[in-house]
Amino acid sequence: MRLATFNVNSARRRVPHLRRFLERHSPDVVMLQELKCRTEEFPALEFADLGYRAHAIGQTGGRNGVAVVARVPFEVIGERLPGEAEDAQARWIEVAALGMRIGGLYLPNGNSGGDEGYAYKLRWLARLRALAADRLELGLPLALLGDFNVCPTEADLYPGALPETDALVRPESRAAFRALLWLGLTDALRVLHPQDAPWTYWDYGAAFDTNRGLRIDHALLSAELAERLVAATVDTAARSEEQPSDHAPVMIELRD
DNA sequence: ATGACCCCATACTGGGGA
């Protein structure tokens, strides 16, 4: 079975790209981020003829937004990350599918909004860790897929691509990411490509042609799923198309 | 970092992204 995550940077603009991705790889479940539309504006019917059903969590104002697109049955478990009252930002979706629990997430960037913007990012990471710990305690096979907005190590960005003060590489961001791994989660792309894990994001402009990117979209797997992991890839074809997202899809394959 | 991106919206300029 194949699971994927794709930050589309506008769901409506990226319908052709997502359709081509679905046709190329036939993933069973795809978690989307940065819909940049309201729930009712998500183009769910654009994928129905390919056999996919969708559930979107949009947001007013053209910000954030996450969704699941799947060709297998799924149940939506949650639409907001627990732990913070009145969090209006659409950054989390949890589904039950294929006998596992799948979290789709769009972590706050943390570079805007000053100190409070970065504090919100760190709180979000702590809330994510608490949720993951709970699901693991229940014994649920868990996959966390999404745009984490964290380069876990210096190997996860083109040298000098970001200043040391950037919220994607700051020590507190990386420590919070490691704290997720300490729960027993496996970074799928890194474990299968220990020396040469590919980027998942390239800034618009010359970054893709010169391959100066970042690895910020991740698939973290609980132990039983990591034992079934046979492939983890970045679909760079999606990034090389016309009018692409600045992210490429990350896909993992698990033994049935 | 953003003249040299892109996307959205209380739009013809500004905020957010990473």
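Counting starts from 1 at the beginning of each chain's written sequence and moves along it residue by residue. Lettering for chains starts from A, numbering for ligands starts from 1, and both go in the order in which the items are written. Totals for whole chains, interfaces and linings use all residues, but because this is a predicted model, local features are given only for residues with pLDDT of at least 70 and pairs of side-chain atoms are given and counted only at 80 or more. Side-chain measures here rest on the full set of heavy atoms in the structure, leaving out hydrogens and waters.

Q: Lay out the overall build of chain A with the relevant residues and their values.
A: When its secondary structure is counted, chain A shows 6 helices and 14 strands. Its C-alpha atoms give chain A a radius of gyration of 17 Å, within 12% of the compact-globule value 18 Å for 256 residues. Reported as C-alpha extents along the three principal axes, the dimensions of chain A are approximately 45 × 45 × 40 Å. Evaluated residue by residue, chain A yields a buried proportion of 54% over its 256 residues. What makes two residues a contact is simply this: any of their non-hydrogen atoms within 4.5 Å. A separation threshold of at least 6 residues defines the contact pool for chain A, and within that pool the share at least 24 residues apart is 69%. The method behind every accessible area is Shrake-Rupley, applied with a 1.4 Å probe, and residues are considered shielded solely by the protein chains displayed. For chain A, the exposed area adds up to about 11000 Å²; of that, 50% sits on carbon and sulfur atoms. If the 29 positive side-chain charges of chain A are averaged to one point and the 36 negative ones to another, these points end up 1 Å apart. By definition, any uninterrupted DSSP run of H or I lasting at least four residues is a helix, any uninterrupted run of E lasting at least two residues is a strand, and each is numbered from the N terminus. C-alpha atoms define the radius of gyration in this analysis, and the globule rule sets the expected value at 2.2 Å times the number of residues to the power 0.38. Under the scheme applied here, a residue whose accessible area is under 20% of the maximum for its type counts as buried, over 50% as exposed, and between as partly exposed, the area being computed with a 1.4 Å probe on protein chains only. The positive count covers Lys and Arg only, the negative count covers Asp and Glu only, and His and the chain ends enter neither. Every charge is mapped to an atom, namely NZ of Lys, CZ of Arg, CG of Asp or CD of Glu.

Q: Hey, could you go over the protein's contact with DNA strand B for me, with residue numbers and the actual values?
A: The environment of DNA strand B is made up of 26 residues, and the closest members are Ser10, Glu34, Asn109, Ser112 and Asp203. What makes a residue near a molecule or strand is one non-hydrogen atom of that residue sitting within 4 Å of it. Restricting attention to atoms of DNA strand B within 4 Å of the protein, one finds that 81% of them are sugar or phosphate atoms. Residue Arg14 places a side-chain N or O atom 3.1 Å away from a phosphate oxygen belonging to DNA strand B. Put simply, Ala, Val, Leu, Ile, Met, Phe, Trp, Tyr, Cys and Pro go in the nonpolar bin, Asp, Glu, Lys and Arg in the charged bin, and everything else, Gly too, in the polar bin. Here the residues of the surface near DNA strand B are counted per class, giving 7 nonpolar, 10 polar and 9 charged. Nitrogen and oxygen atoms within 3.5 Å of one another constitute a polar contact, given that in protein one can donate a hydrogen and the other can accept it, and given that sequence-neighbouring residues count only through two side-chain atoms.

Q: Mind laying out the pairing of strand E4 (residues 66-70), listing which residues take part and the relevant values?
A: The element E4 is extensively covered by neighbouring structure, given that 5 of its 5 residues are classed as buried. Strand pairing follows a simple DSSP-based rule, namely that at least 2 bridges must link the two strands. With 5 bridges connecting them, strand E2 (residues 29-33) and E4 associate as antiparallel partners. Residue pairing for E4: Leu32 is matched across the bridge by Ala67. Here 5 bridges tie strand E3 (residues 53-57) to E4, and the two strands are oriented antiparallel to one another. Bridge assignment links Ile57 to a residue of E4, and that residue is Val66.

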